Structure formats: C-alpha cells, structure tokens
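# What the coordinates show
Residues per chain, in single letters:
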Amino acid sequence: MLAHNVHNDTKLLQSLKSGDQSAFNALYELYAASLTGYAASRLASLEEARDIIHDLFVYIWDERASITITTSFKSFLFAAVRYRIIDHIRKNITRREYAEMTQRLTNDFINNAEDELTAKNLNQTLELAVNNLPLRTKEIYRLSRHRQLAVKEIACQLHLSEQTVKNQLTTALSYLRASLERLAVLAVLLLLH
C-alpha cells in the first residue's frame, strides 16, 4: 500500500510539474487535512495552521517546475510545515510562547532566563551565531534551514558526500545550541546583578 501511494505521488508530481491543476488538487486533497492537523496541534490555532498549509501549497504551485523532492512527497511536506511553523512562531509571538512551542517541536530544554528575550532578539542572536560559522558550514546550514533542501540535494549541489553534509549540519547545530546556551547563562548573570 505504501509503495502504491509513493508511486501515485510520483505520477502526480510529474503531472504537477507540467502544470496539471488536477494533479495539484489531488495532492492537496491527499495531504492538506493531515498537514493542517499537524500544524494546528503545534500552534493551537486552526486558522494559523490553515494559513501555513495554504501558503505551502501556493509555494508548491508557484515553484512546481523547479521543485526538487528527493524524499517522499509526504516527508517533504511535513518537513516544510515544521520549518514554516518555527518561522511563524519566531515572527509572531513572545519569547515565552516561542520557548514553549519550540520545546514541543524539538524537545530541547530551554532555560527560563531565555524566556525574557523577545523572538526578535533571539533571531538576531541566532543570525549572528550563524554568521560566525565557517563559510562552508554556514552555506550548508542555510541551504538546509532557509531553502529547506534535503541532505542529498545539498550534497549534489555542493559536490560533497552526504556524510560530509550531515557532519557539517551537526557541527552547525551544536555550535548554535552552545551559542544560545551561553546567551542564557549571560542573561541569568545579568539578572542576578
């Protein structure tokens, strides 16, 4: 059954790339409800979840000719929704709410001192930390997080092995996590004085 669905997705994606509106509608019908449910469970807002899913499918339609999917379409969609949820959270809610929702998404512990920071400050701090990464690591991180490319796509684009890309992403995430932890410690020290 799973192979049949993947096969159907492949056919629908091929038709979509050539501008077939009915293929687009079929993909939307197959996945929109489960994606909306997933997004709503993370955002606690059905309206915001619907907006995110709508925007994702508009993106898919607009980029249909150039979109490259190396995983299953379902995996691609859920990864794209996850990144869009994180972006939405960063842009629209306070630091405390951001910490609570990010914890649910990533199961990472976020220090209470960080809760005092605004989402804007976190974005600025994260961008500064990203800018401090070595050039190749920064490039790989941005391709993964900003352009939402899969490891295989990044490896092909940069002529690297998939393992090298995975190692660089691990390095980037470890460095960024450590940078945010140092910021949290600094915030605690400032609050104590």
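To be clear, the structure that these remarks concern was listed above.
Quick summary incoming for the structure in this document. Given the structure is predicted, the values throughout are model-derived calculations rather than measurements.

What counts, and where the lines are drawn
- Here the residue numbers are simple positions, counted from 1 along each chain's written sequence.
- Since the coordinates come from a predicted model, pLDDT governs what is reported: local features require at least 70, and pairs of side-chain atoms require 80 or more to be given and counted, while whole-chain, interface and lining totals use all residues.
- Heavy atoms from the whole structure form the basis of all side-chain values; hydrogens and water molecules are not counted.
- Only the stretch in contact is used when fitting a helix axis, every axis being a line fitted to C-alpha atoms; angles between N-to-C directions are given from 0 to 180 degrees.
- The helix count covers DSSP runs of H or I at least four residues long, the strand count covers runs of E at least two residues long, and both are numbered beginning at the N terminus.
- Any angle between 65 and 115 degrees counts as roughly perpendicular, while under 35 counts as roughly parallel, over 145 as roughly antiparallel, and the rest as oblique.
- When the near helix sits turned anticlockwise from the far one by under a right angle, the crossing is termed left-handed; a clockwise turn instead gives a right-handed crossing.
- The criterion used for residue contact is that any of the two residues' heavy atoms lie within 4.5 Å.
- Buried residues of nine kinds, namely Ala, Val, Leu, Ile, Met, Phe, Trp, Tyr and Cys, make up a nonpolar core once their side-chain atoms join them within 4.5 Å.
- Only protein chains enter the accessibility calculation, which uses a 1.4 Å probe; a residue whose area is less than 20% of its type maximum is buried, one above 50% is exposed, and one in between is partly exposed.

## Brief notes about the packing of helix α7 (residues 135-145) against helix α8 (residues 151-158)
The packing of two helices is summarised by the inter-axis angle and the distance between the axes. Packing of α7 against α8 brings their axes to within 10 Å, and their N-to-C directions diverge by 135 degrees. Classified by the interaxial angle, the pair formed by α7 and α8 is oblique. The crossing of α7 and α8 is right-handed. Across from Arg 136, Glu 139, Ile 140, Leu 143 and Ser 144 in α7, the residues of α8 making contact are Ile 154, Gln 157 and Leu 158.

## Quick notes on the nonpolar core
With 27 residues, the main nonpolar core has Ile 53, Phe 57, Ile 60, Phe 73, Leu 77, Val 81 and Ile 85 as its most contacted residues. Among the secondary structure elements, those contributing two or more residues to this core are α1 (2-17), α2 (21-43), α3 (46-62) and α4 (73-92). The biggest single contributor to this core is α2, with 10 residues. Counting eight residues, the second largest nonpolar core, distinct from the first, contains Leu 143, Leu 149, Ala 155 and Leu 158.

## What about α8?
Looking only at α8, the buried set comprises Glu 153, Ile 154, Ala 155 and Leu 158. The first or second residue beyond α8 is His 159, which carries a positive phi of 60 degrees.

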